[in-house]
Amino acid sequence: MLKSTKIMTVLLATLLITSSIYSAELLGAGATFPYPFYAKLFSEYYKKTGVKINYQAIGSGGGIQQLKNKTVNFGASDAFLSNAELKSMPGHVIHIPTCLGAVVLAYNLPGVANLRLNADVIADIFLGKISNWNDSRIQALNPGAALPNQKLVSVHRSDGSGTTSIFTDYLNKVDKEWGQKVGAGKSVNWPIGLGAKGNAGVSGMIKQIPGSIGYVELNFAEKNKMAYATVQNKSGNFIKPSLEATSQAADVAMPADTRVSITNTEADNGYPIGGFTWLLVYQDLNISTPKDENAKALSELLSWVIHDGQAYAKTLDYSPLPASSVKKAEVLISTLKF
Amino acid sequence: MWTDRLQFFEIMFKKTLQVFAVLVCVLLGGIFLTLLVKSLPAIVSQGIRFVTGKEWDPVMGNFGAIPFVEGTLITSFVALLISIPFSLSIAIFLGEYFKQTWFSSVIKSIVELLAGIPSVVYGFFGLFVLVPFVRSLETPLGITPYGVGIFSAALILALMIVPYSASMSREVIALVPSDLKEAAYSLGATRYEVLRYIILPYASSGIFAGTLLALGRAMGETMAVTMVIGNSNLIPESLFGPGNTMASVIANEFTEATDKVHLASLIELGLYLFVITVVINSVGRYIISKFTIETQTQ
């Protein structure tokens, strides 16, 4: 009995001491795509400031849900919230862009090194209207290539994902028929093709099936040394997907709330299939972060992410924000209340 | 005084057991209610279309369960058909021919080990071994060599459910009274005849029950199926075509389903899966209980 009282006292004392030298702790949840980037950022930030940030990559949908339930301090999403979704939140949510991702068309066609595609062809491949690699329209875009007489197998994500959202948003913009038949979203009603789970599943399937083509994140295709297609953008230039080309795609007129889709970009040298990924916070930080120290730490963190944090993007194969979006994000962060 | 305390202990012990037993029932009811309540938005907005619809379109908000119900039933029943020769052979071999030998105990534990392998491991095995194998079959047959699809899913499921029906059937075969068998032998029956006319008819209801339990297991399997079925939300065109099951579409779309009706539709699929497996399991249990009563009265 005496012993346990002693232990309790010690525990209580420890608790009091730790709370007196309290350092902020933040909890976030959401998108899986930027997870490696965030993991690096948050561990660096912890080393610098002592602010602990626990980020759970449970998917954009889950992140939004948890922010709505106020169980996390910030959410993260690859697709911005629609007006209806914004209205359903208990407070005004603002989007802080953190980096950019590109979606590339990876393919398995031995002997064809630099496949060139345009919007119509990509849409018709995924609509099932082009079903053989020797199709005259693919040949016309690749005059020098020896395209085999081989059945074309399209591969898509079976799980709901921001990657699918970016890719279908692009097809929705460039192809009327796609818009009528399929539309854009995290999960869509694919008219044809195989589904696989995650970037890993899609690239695994592409590697296994000769004649297949599918969409994966650029950094994933890079890491797995997969062949991916050069795509013609809106200005008519054929753009090889790269971190720079994606950043350039984002260097366009942007609304003040940064909710913008940059697929089929107007930028001359921008790669047309890419998008921002955002951190989501309530403008009134106290809604999900009642402790003032934590709220202050969160706003400082956001500011660090869009400035110094950008240096880590390229090393992890993410495209850093262009200067114009950093400016917009600065304004948004300055409106935060706590 | 002393006996009172003992009695008190006895009563308390019994009550504790009761509470835990009842809790499990409450939990089952709770799961059912949760599924029902959470799927209400879909039941209201989709109505009968959910049961009859062939289209699953999260963008337009049209949700029809037919492709997944079909996918689940086809993969499970094909898996069952493939597994029956194997499970029955194992059961007869271990239950009748090699009952107590060293060799049979090795086979028995290997079969039981199969049941303990995590399903994601089966999925990898399917993806890296079965799928290329099926693809090599498809090419000479002139079918698009996807490799993944309904047939691959059924193959991997068959492998996964063999231990369930095999060990169940083995037990009932071993239970066949030896006086019946000896009587048949004394009349000059061969071993095959005893098996065919005594053992199998006697054990048939137990074997059937084991098969039903295996079917229930096949229907709910998620991970391994998702990895090899091709995940196409359309009604499967052929046995080799890609498809999807109720369990795997839930696993695929649940995390990113932000739309209320989409989420509720996935939960409604879960509700159907729950009901179907409960029905199949209950039928299986019923047959087993009938069978046990018969053996007890004899």
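On a predicted model such as this, the values are computed, not experimentally measured, just so you know.

Parameters and conventions
Residues numbered from 1 in each chain as written. Chains lettered and ligands numbered in written order. Predicted model: local features only at pLDDT ≥ 70, side-chain atom pairs only at ≥ 80, totals over all residues. Heavy atoms only, no water. Phe/Tyr/Trp six-rings, centres within 6.5 Å; stacked < 30°, edge-to-face > 60°. Helix = DSSP H or I, 4+ residues; strand = E, 2+ residues; numbered from the N terminus. Buried < 20%, exposed > 50% of the residue type's maximum accessible area, 1.4 Å probe, protein only. Lys NZ or Arg CZ within 6 Å of the ring centre and 35° of its normal. Contact = heavy atoms within 4.5 Å. Polar contact = N/O pair within 3.5 Å; in protein donor to acceptor, adjacent residues only side chain to side chain. Nonpolar A, V, L, I, M, F, W, Y, C, P; charged D, E, K, R; others polar. Patch = residues over 30% accessible without salt bridge, like charges linked within 9 Å, V, L, I, M, F, W, Y side chains within 5 Å. Areas by Shrake-Rupley, 256 points an atom, 1.4 Å probe, with all protein chains shown as cover. Salt bridge = Lys/Arg side-chain N within 4 Å of Asp/Glu carboxyl O. Pairing = 2+ DSSP bridges. Domains from an automatic or database assignment. Buried area = accessible area lost by both parts, 1.4 Å probe. Expected span 1.5 Å × (residues − 1). Bend = angle between axes of the 7 residues up to and from the residue.

Draft legend 1. Layout of the packing of aromatic side chains. Tallied over the full model, the rule gives 31 aromatic pairs over all chains. Both rings, one in Tyr35(A) and one in Tyr55(A), keep their centres 6.1 Å apart while their planes meet at 20°; by these two values the pair is stacked. Residue Tyr35(A) is found in helix α2 (residues 35-49), and its partner Tyr55(A) is found in strand β2 (residues 52-56); the two are separated by 20 residues along the sequence. Looking at Tyr35(A), the relative accessible area reads 37%, which means it is partly exposed. Under the relative-accessibility criterion, Tyr55(A) is labelled buried at 9%. What links up through ring pairs into an aromatic cluster is the set Phe33(A), Tyr35(A), Phe37(A), Tyr38(A), Phe42(A), Tyr55(A), Phe74(A) and Tyr318(A). In this arrangement the basic side chain of Lys240(A) is found over the ring face of Tyr228(A), its NZ or CZ atom lying 4.9 Å from the centre. Taking the ring centre of Tyr97(B) as reference, the NZ or CZ of Arg191(B) above it sits at 4.3 Å.

Draft legend 2. Representation of the side chain of Ser152(B) in the model. Along the chain, Ser152(B) falls in helix α7 (residues 150-175). Assessed through its relative accessible area of 2%, Ser152(B) is described here as buried.

Draft legend 3. Region of interest: the interface of chain A and chain B. At the interface, 33 residues of chain A touch 26 residues of chain B. Applying the counting rule to chain A against chain B returns seven residue pairs in polar contact (both at pLDDT 80 or more). Put simply, the parts of the chain that give the side of chain A that touches chain B at least two residues each are α3 (60-68), β6 (153-157), β7 (194-196) and α9 (198-208) of chain A. A total of four residues in the side of chain A that touches chain B trace back to one element, the largest contributor, which is α3(A). Among the residues forming the side of chain A that touches chain B, the class breakdown is 12 nonpolar, 15 polar and six charged.

Draft legend 4. Examining the environment of Ser205(B) more closely. You can see Ser205(B) is positioned in helix α9 (residues 191-220). For Ser205(B) and Val172(B), which are 33 residues apart along the polypeptide, the C-alpha to C-alpha distance reads 8.9 Å.

Draft legend 5. Representation of a nonpolar patch on the surface in the model. All names here are of chain B. Taken together, the side chains of Phe32, Leu33, Leu36, Val37, Leu40, Ile43, Val44, Val275, Val279 and Val283 present a nonpolar region at the surface, about 800 Å² in accessible area. Secondary-structure elements contributing two or more residues to the nonpolar patch are α1 (2-38), α2 (40-46) and α12 (260-297). The dominant element in the nonpolar patch, judged by the number of residues it contributes, is α1, at four residues. Mapped onto the secondary structure, Val37 falls in helix α1.

Draft legend 6. Region of interest: the pairing of strand β12 (residues 274-282) of chain A. All names here are of chain A. Of all nine residues in β12, nine are buried, a share of seventy percent or more. What you see with β12 is no split at all: Gly274, Phe276, Trp278, Leu280 and Tyr282 on one side and Gly275, Thr277, Leu279 and Val281 on the other are buried throughout. As defined by bridge partners, strand β3 (residues 74-77) adjoins β12 across three bridges and the pair is classed as antiparallel. Looking at the pairing, Ser77 lines up with Trp278 of β12.

Draft legend 7. Just the pattern of salt bridges, in detail. As enumerated under the stated definition, the model contains 16 salt bridges over all chains in all. Its salt-bridge partner being Arg217(B), residue Glu221(B) comes within 3.9 Å of it at the nearest N-O pair. The class of Glu221(B) is buried, set by a relative accessible area of 7%. A network of salt bridges, in which partner residues are shared, links Asp124(A), Lys129(A), Arg137(A), Glu177(A) and Lys181(A).

Draft legend 8. Representation of the domain arrangement of chain A within the structure. Residues and elements named next belong to chain A. Partitioning chain A into domains gives domain 1 (24-100 + 275-334) and domain 2 (102-274). The C-alpha centroid of domain 2 is placed 27 Å from the C-alpha centroid of domain 1. Every contact between the two is made by 28 residues of domain 1 and, on the other side, 25 residues of domain 2. Interface area lost by domain 1 to domain 2 is led by Gly275, Asp317 and Lys328, which between them contribute 24%. In this structure, the connection of domain 1 to domain 2 is made through one salt bridge. Our enumeration of links across domain 1 and domain 2 arrives at nine residue pairs in polar contact (both at pLDDT 80 or more). Breaking the side of domain 1 that touches domain 2 down by element, the ones donating at least two residues are α3, α4 (83-88), β4 (93-107), β12 and α13 (323-334). Considering every element that reaches the side of domain 1 that touches domain 2, the biggest residue donor is α13, with four residues. Among the residues making up the side of domain 1 that touches domain 2, the classes are represented as 15 nonpolar, nine polar and four charged.

Draft legend 9. Expanded view of α7(B). Residue and element names in this part refer to chain B. Look at α7: 37 Å from first C-alpha to last across 26 residues, which is about the 38 Å you get at 1.5 Å a residue. At Ile161, α7 shows its maximal bend, which comes to roughly 40°, and the proline Pro163 appears one to four places after that position. A large share of α7 lies buried, amounting to 21 of its 26 residues.

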